[in-house]
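Structure assessment
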Amino acid sequence: MILTAPPALRALGIHRKAMIHRRRERKKAPESVSVQEAAESLRCLHRLSLVDFVPDARHETVRVHHLVQRATREADAVGFVHDDSRMDASDSPNPGVWSDAYFAAESVEHVWRERDREFTLLSALRANAEAVANHMSTDDPYRFSLVLRVGAAGQATVARDQSKDLLTGLSAREDPKPALFESLSNRRAYERGKHIEQLSARHNVAWWQMEAGDSAGAVVAFERLLLDKEGVFGRNDLSTLGTRYGLAWALGESGDPTSAVKAFEALLADRLQALTYKTRTFSPRRSVRAAQRIRGGQRAVDLEASSGAMDRSAGALPQLEPPVPSARYGLAWWRGKAGDSSGAVAGFEELLADQVRLLDTFDPQRLATRHALAHWRGEAGEPGRAVALLTELLADRTSILGPEHPHTRATRDALADWLSGSGPS
């Protein structure tokens, strides 16, 4: 659960050390707080009627009354003590709440990354993410990550609005005084970092604007953003390529699949070139260089096919922008929308074959490719094959996501459409 996740335990340890120091006790401050200690603290708060703790439920839950929440925040504002050097209290008018929100956001992200497949937790995690984001510093990377989680959970409008708030906060943030910078290069590095954060926030606004249904507005936003990103990063930087993906998809959603196909063809070529350059090696022997180029090209194809795969490792950094799927996915999809159903089937079959080698069986990107392949199988005149693929996919999604997950419902609805003979709705 969130309140016993490693980031939350680390925050409790910091607060305990600060309390011992403030009371001038001579005993050594404990290095950490254990899960058992945190759980016992929750039981004590439950006995005092300050929280409602249900430890025996399938998913342990803690509910806190709004009055208790407000009193806690006000107490934090008055008695803030923190010794974590990563925090800068000047960034927030309420540094106590700001620091607690930081650790709460890190805990939510930790639990969400590990248990994102459990739909019964999805609504609770989404509510926690929205609440925590309202109390965070505008430039905290975990706020970017929480907004992305909310959008991926199906709340595109909420994610768009929070991204706009994040962008407004970044734009209005006051720069430190010039005297605080040791050199001109440090100030330039700060300004570049601030500009990069604003570009990521603008990308998120455009992306969730598209997901919320305003494709035409997203095209305009992506076009303006692309000019700025090319000026800062260059045309073939991975961040710029992510914005080009968004623009290409928005073009298709706005009713221009032909332009989307052309954009994805150019994007795929540039992504493969950029990934080949990143993985290339050099040798003085010509024959060895030729073999290295072949291996580098295949490695680039593999990296591109696994684009957007989920990173569940404990040390994974929070993402600033939505994960970008393979350009081959977008190219195959909009080829089908442009009238080439057979080309779409061939593209998705080739992509899925690579993802079977590279991705986990239940990785969201691989599952999405399977759904798209079934769709275009049916559109290409093979409804029976589409039903078979969707039936298998529905069983897998139900087992890992639950029957009420949005992706499971989408697969179930598609299967019902093909079974009824009406095709996709």
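Attention in this report is confined to the structure presented alongside it. (Residues numbered from 1 in each chain as written. Predicted model: local features only at pLDDT ≥ 70, side-chain atom pairs only at ≥ 80, totals over all residues. Heavy atoms only, no water.)

1. Quick notes on the overall build of the protein chain
Per the secondary structure count, the protein chain includes 17 helices and two strands. A burial count over the protein chain gives 44% of its 425 residues as buried. Taking the contacts inside the protein chain whose residues are at least 6 apart along the sequence as the reference set, 62% of them involve residues at least 24 apart. Approximately 22300 Å² of the protein chain is accessible, and the part contributed by carbon and sulfur atoms is 53%. (Helix = DSSP H or I, 4+ residues; strand = E, 2+ residues; numbered from the N terminus. Buried < 20%, exposed > 50% of the residue type's maximum accessible area, 1.4 Å probe, protein only. Contact = heavy atoms within 4.5 Å. Areas by Shrake-Rupley, 256 points an atom, 1.4 Å probe, with all protein chains shown as cover.)

2. Let's talk about a nonpolar patch on the surface
On the surface, a cluster of nonpolar side chains totalling about 260 Å² of accessible area is made up of Leu45, Leu48 and Leu50. Counting through the fold element by element, Leu45 comes out in helix H2 (residues 35-47). (Patch = residues over 30% accessible without salt bridge, like charges linked within 9 Å, V, L, I, M, F, W, Y side chains within 5 Å. Salt bridge = Lys/Arg side-chain N within 4 Å of Asp/Glu carboxyl O.)

3. What to know about the nonpolar core
In this structure, Tyr245, Trp249, Phe264 and Phe348 are the most contacted members of the largest nonpolar core, which totals 50 residues. In terms of residues, this core owes the most to one element, helix H10 (residues 238-253), which gives seven residues. Ignoring anything within four residues of it in the chain, the contact list for Phe264 reads Tyr245, Ala248, Trp249, Ala327, Gly330, Leu331 and Trp334. (Core = buried A, V, L, I, M, F, W, Y, C linked by side-chain atoms within 4.5 Å.)

4. Side note on the packing of aromatic side chains
This structure, assessed with the given rule, holds eight aromatic pairs. Ring centres of Trp207 and Tyr245 lie 6.4 Å apart, and the angle between their planes is 25 degrees; this geometry places the pair in the stacked category. Here Trp207, found in helix H8 (residues 184-211), pairs with Tyr245, found in helix H10; they are 38 residues apart in sequence, far enough to count as distant. Relative accessible area serves as the criterion here: at 2%, Tyr245 is assigned to the buried category. Through pairs of rings, three or more aromatic residues link up here, namely Trp207, Tyr245, Trp249, Phe264, Tyr329, Trp334 and Phe348. (Phe/Tyr/Trp six-rings, centres within 6.5 Å; stacked < 30°, edge-to-face > 60°.)

5. Observations regarding helix H17 (residues 406-420)
Between its terminal C-alpha atoms H17 stretches 21 Å, which fits the 21 Å expected from 15 residues at 1.5 Å a residue. Turning to H17, its buried residues number three or more, namely Thr408, Thr411, Ala414, Leu415, Asp417 and Trp418. Tucked inside the fold, the buried residues of H17 contact helix H15 (364-379) and helix H16 (383-401). Just past H17, the residue Gly421 takes up positive phi, approximately 85 degrees. (Expected span 1.5 Å × (residues − 1).)

6. Looking at the pattern of salt bridges
Should their charged atoms come close, side chains of opposite charge can pair. Across all of its chains, the model carries 14 salt bridges by this definition. One salt bridge connects Arg357 with Asp354, and the closest N-O pair in it is separated by 3.1 Å. Pair noted here: Arg357 and Asp354 are both in helix H14 (residues 341-358), with a separation of three residues, about one helical turn. In this structure, Glu392 and Arg370 form a salt bridge, with 4.0 Å as the shortest nitrogen-oxygen distance. Separated by 22 residues along the polypeptide, Glu392 in helix H16 and Arg370 in helix H15 bring together distant segments of the chain. When its relative accessible area of 14% is taken as the criterion, Arg370 is described as buried.

7. Looking at the packing of H14 against H15
As a packed pair, H14 and H15 sit with axes 9 Å apart at the nearest point and diverge in direction by 155 degrees. The angle between the axes of H14 and H15 places the two elements in the roughly antiparallel class. Like other packed secondary-structure pairs, H14 and H15 cross with a definite hand, here left-handed. Every residue of H15 that contacts H14 at Ser341, Ala344, Val345, Phe348, Glu349, Leu351, Leu352, Gln355 and Val356 is listed here: Gln365, Arg366, Thr369, Arg370, Ala372, Leu373, Trp376, Arg377 and Glu379. Residue composition of the contact of H14 with H15, grouped by class: nine nonpolar, four polar and five charged. (Axes fitted to C-alpha atoms, helices over the stretch in contact; angles between N-to-C directions. Parallel < 35°, antiparallel > 145°, perpendicular 65-115°, else oblique. Left-handed = near helix turned anticlockwise from the far one by under 90°. Nonpolar A, V, L, I, M, F, W, Y, C, P; charged D, E, K, R; others polar.)

8. What about the environment of His371?
Note on placement: His371 falls in helix H15. We classify His371 as buried; its relative accessible area is 18%. Only 3.4 Å separates the side chain of His371 from the side chain of Arg397, close enough to count as a polar contact. (Polar contact = N/O pair within 3.5 Å; in protein donor to acceptor, adjacent residues only side chain to side chain.)

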